[in-house]
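Understanding the architecture of this molecule
So the chains spell out like this:
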Amino acid sequence: GHTDAVICLSLHPDFITAATGQVGRKALLCVWNTYTMQTLSVIRGFHDYGICSVSFNSDGSLLASVGMDVDHSIAVWDWKTGQKRASATGHVNRIFCIAFNPSDDSLVSAGVGHIKFWTISGRLLRGQQGKFTQGDKKQVFCSLTVSKKGRIFTGSERGEIYRWKNGDVDSVINAHHGPVFALWVCRDGLCSGGKDGMVKVWSLALKPLVEFDMRTQSTGVDNSKVRSVCWLVRTILVGTIDNELFEIDIEAGAPKLLLQGHRSMQVNGLATHPSKRLFVTGGDDHSVRLWDMDSRKQIGMRMLEDAVSSVSVSLDGNHIACGLRNGKLVILKLRTMRPHLERKDRKLAILEVKYSANGKFLAAGGGDCFIDIYDVQSEYEWIGTCAGHKGSILALDWSADSKQIQSDDERGNHLYWDVESSKEILVAAEVRDVEWSSWTTRMGWSVQGIASKFQGPMGINTTCRSSFGDTLATGDDWGMLKLFRFPCITPGAKSKRYGGHSARVGKVRFSFEEKTVLSSGLVDGLVVQWRYLSSGKL
């Protein structure tokens, strides 16, 4: 039910219901069942620009939310009816977190230079500033947690953990090097996570018990930062800035990797294996990752020297071609993810790479406005360059006989090329009956109907024809994935629309046997896997 990026979450005391808040004008606050995925309530119209924190009260009947508007407004909701029970202006400075105090259903909020304690009085919230000890500066609080008995803990930007009592500082310890991004309290103690990559467990008296160094576990670009923790009995869940989710058994002490993904918010490269249910992604985090569609897990990764702008898998499935932002072409061995060879013929980013239908050639195009052709069987020897585009090359396709190429650039030009001579084909009749092994360009006679009658292809970032050739998938600037019949020649043709990304879709691709559609995001960092039905639906 969300329409933009989800940035906060709270779990109901029943451990089944969840509340989530998003960014955007007139941001939505959604309450939903985590088992059935059914939306139970949608609250809108109060918060502007986004909702940065949400919290259920002790019995789950009330829900508090904090807005990202100039007043940092706080509201308390009867979420089942959608009615607002109380509200107030939060603070002149930004609020990062809010929580109910289970002991009396009062509220605590914390943020830049303040902590505030709230009581519900009719339809109003009455707040009182927390008192700092003499000589202690007010500082930024990044995290907040409250125990069932009303013990309040906050994590600071300087790495300190504060314990509060009756609105005053009761105790302070130096816990982390840098901000404490995450806190979780339970009857067994307090768990903290910080920018330093450490997860630490404390007694409720703030005595250290055990710690775990997540920097040695992370597979990210550099030492990972812990952004979220959750402690239940003997298990701690840890979320990192690298889009990784770990599970720690406190007694065993060995973190287990549950989930991982691209660290960057831009996943530029996406390609499927020609004969297996595998796919490859490349992102701005310099990583190339190999995934299994059935287990939906990463099975291989290689860090490269620069951002990865494009990827392609060879016809025999042995190689992965990677185009980098610095203009370098890197060939990896798919089985080991180790480099096979590298070459640098361009200065600007290689935005598209694609193997020919017969597997003998590789074409690479990008910001230099050229398409370079390489002989795969001769260790990727350069054999020609197609010159004629006036803008960065965004997509290209090979003909079924590997003798022609069609390509799009950012200025809206759609050109055809003869591979043997590397010359542009100027006579349209010469390519009228050409069968294309794939279709990923946004322009051309067969896809002229994907845009609205008056808009043209603007806003459409990617296309992909299905393996059997009867369906076309597109991704656009508004996070939508659409399915059209192929060929699609009538302007404003009917389509089926599906939402999953919070913003721009970068690439869409079909699996080789046409059971799955994959889409990657240019803003949200997501790779979404869709089940493709024989009826032409996702």
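Treat the numbers as computed from the prediction; the structure is a model and nothing was measured. (Residues numbered from 1 in each chain as written. Predicted model: local features only at pLDDT ≥ 70, side-chain atom pairs only at ≥ 80, totals over all residues. Heavy atoms only, no water.)

Applying the stated criterion to the full structure yields two cavities of 30 Å³ or more. Taken as a whole, the largest cavity spans an internal volume of roughly 40 Å³. Contributing to the lining of the largest cavity are R346, L348, A349, I350, A364, G365, G366, G367, D368, C369, F370 and D372. Where the lining of the largest cavity is concerned, the elements lending two or more residues are β34 (361-366) and β35 (370-375). Per-element accounting of the lining of the largest cavity gives the leading share, three residues, to β34. Tallied by class, residues from the lining of the largest cavity come to six nonpolar, three polar and three charged. Computed from the structure, the second largest cavity encloses a volume of approximately 30 Å³. Looking at the second largest cavity, the residues that line it are A27, L29, I43, R44, G45, F46, H47, I51 and W77. (1 Å grid on protein atoms, 1.4 Å probe; cavity = no way out; pocket = protein on both sides within 12 Å on 5 of 7 lines; lining within 4 Å. Points joined across faces, edges and corners; volume = space filled by probe spheres on them. Helix = DSSP H or I, 4+ residues; strand = E, 2+ residues; numbered from the N terminus. Nonpolar A, V, L, I, M, F, W, Y, C, P; charged D, E, K, R; others polar.)

Before going further, it helps to examine the pattern of salt bridges. Evaluated as defined, the whole model comprises 18 salt bridges. Across the salt bridge formed by R163 and D170, the nearest N and O atoms sit 2.9 Å from each other. Judged by relative accessible area, D170 falls into the partly exposed class, the value being 38%. The partner of R234 in a salt bridge is E251, with the nearest N and O atoms 3.4 Å apart. Separated by 17 residues along the polypeptide, R234 in the loop between β21 (226-232) and β22 (235-240) and E251 in the loop between β23 (245-249) and β24 (255-259) bring together distant segments of the chain. Residue classification places R234 among the partly exposed residues on the basis of a relative accessible area of 36%. Through salt bridges with shared partners, one network takes in R234, D249 and E251. (Salt bridge = Lys/Arg side-chain N within 4 Å of Asp/Glu carboxyl O. Buried < 20%, exposed > 50% of the residue type's maximum accessible area, 1.4 Å probe, protein only.)

Ordered in space as β41-β42-β43-β44, the four strands form an open sheet in which the pairing is antiparallel. Single-partner strands in this sheet number two, and they are β41 (460-465) and β44 (496-499). Between one strand axis and the next, the sheet turns by 20 degrees as a mean value, whatever way the strands run. Alignment of β41 against strand β42 (residues 471-476), held across five bridges, turns out to be antiparallel. Residue pairing across strands places I460 opposite D476, the latter belonging to β42. (Pairing = 2+ DSSP bridges. Axes fitted to C-alpha atoms, helices over the stretch in contact; angles between N-to-C directions.)

Glancing now at the packing of aromatic side chains. Inspection of every chain in the model, using the stated rule, returns 13 aromatic pairs. Where F117 meets W164, the ring centres are 6.2 Å apart and the plane angle is 65 degrees; that geometry is what we call edge-to-face. Taken as a pair, F117 in strand β11 (residues 114-121) and W164 in strand β15 (residues 160-165) lie far apart in primary sequence, 47 residues in all. This pair shows no difference in class: F117 is buried, exactly as W164 is. Summarising the aromatic geometry, the rings of F510 and Y532 are spaced 5.4 Å apart at their centres and angled 90 degrees between planes, so their arrangement reads as edge-to-face. Here F510, found in strand β45 (residues 505-510), pairs with Y532, found in the segment after β47 (527-531); they are 22 residues apart in sequence, far enough to count as distant. For F510, a relative accessible area of 5% translates into the label buried. Three or more aromatic residues joined by ring pairs make a cluster, and in this case those are F117, F141, Y162 and W164. The side chain of R227 reaches across the aromatic face of F181, ending 4.3 Å from its centre. (Phe/Tyr/Trp six-rings, centres within 6.5 Å; stacked < 30°, edge-to-face > 60°. Lys NZ or Arg CZ within 6 Å of the ring centre and 35° of its normal.)

As a further point, take the domain arrangement of the chain. It is common to give the size of an interface as the accessible area that goes away when the parts come together. What the domain assignment lists for the chain is domain 1 (1-129) and domain 2 (439-531). Relative to domain 2, the C-alpha centre of domain 1 lies at a distance of 36 Å. (Domains from an automatic or database assignment.)

Bringing the nonpolar core into the picture now. In terms of nonpolar packing, the biggest core is built from 16 residues, with V280, V288, L304, V308, I320, C322 and L332 touching the most fellow members. Elements with a contribution of two residues or more to this core: β26 (278-283), β27 (287-292), β29 (308-313), β30 (319-324) and β31 (328-333). Sequence-distant contacts of V288, that is, excluding residues within four places in its chain, are made with V280, T281, G300, M301, R302, L304, V308, I320, C322, L332 and M337. (Core = buried A, V, L, I, M, F, W, Y, C linked by side-chain atoms within 4.5 Å. Contact = heavy atoms within 4.5 Å.)

What follows concerns the layout of surface pockets. For the second largest pocket, the calculated volume is near 740 Å³. What lines the second largest pocket is a set of 32 residues, and nearest its centre among them are T272, P274, K354, S437 and S438. Of all the secondary-structure elements, those providing two or more residues to the lining of the second largest pocket are β25 (267-272), β29, β33 (350-355), β41 and β45. Residues that form the lining of the second largest pocket fall into these classes: 14 nonpolar, 13 polar and five charged.

Attention now moves to the sheet that holds β15. If you walk across this open sheet you meet the four strands as β13-β14-β15-β16, and the pairing is antiparallel. The open sheet has two edge strands with one neighbour each: β13 (141-146) and β16 (168-174). For this sheet, the mean angle separating the axes of adjacent strands, direction not counted, is 20 degrees. As defined by bridge partners, β13 adjoins strand β14 (residues 152-156) across five bridges and the pair is classed as antiparallel. When the sheet's bridge partners are listed, T145 is paired in β14 with F153.

Next up on the list: the pairing of β47. Burial along β47 is one-sided: the face carrying V528 and W530 is buried and the face carrying V527, Q529 and R531 is not. Relative to β47, strand β46 (residues 516-521) runs antiparallel, the two being bridged by five bridges. Counted as the bridge partner of S520 is V527 from β47. Following β46, the chain reverses through five residues before pairing antiparallel with β47; G525 in that reversal takes a positive phi of roughly 70 degrees.

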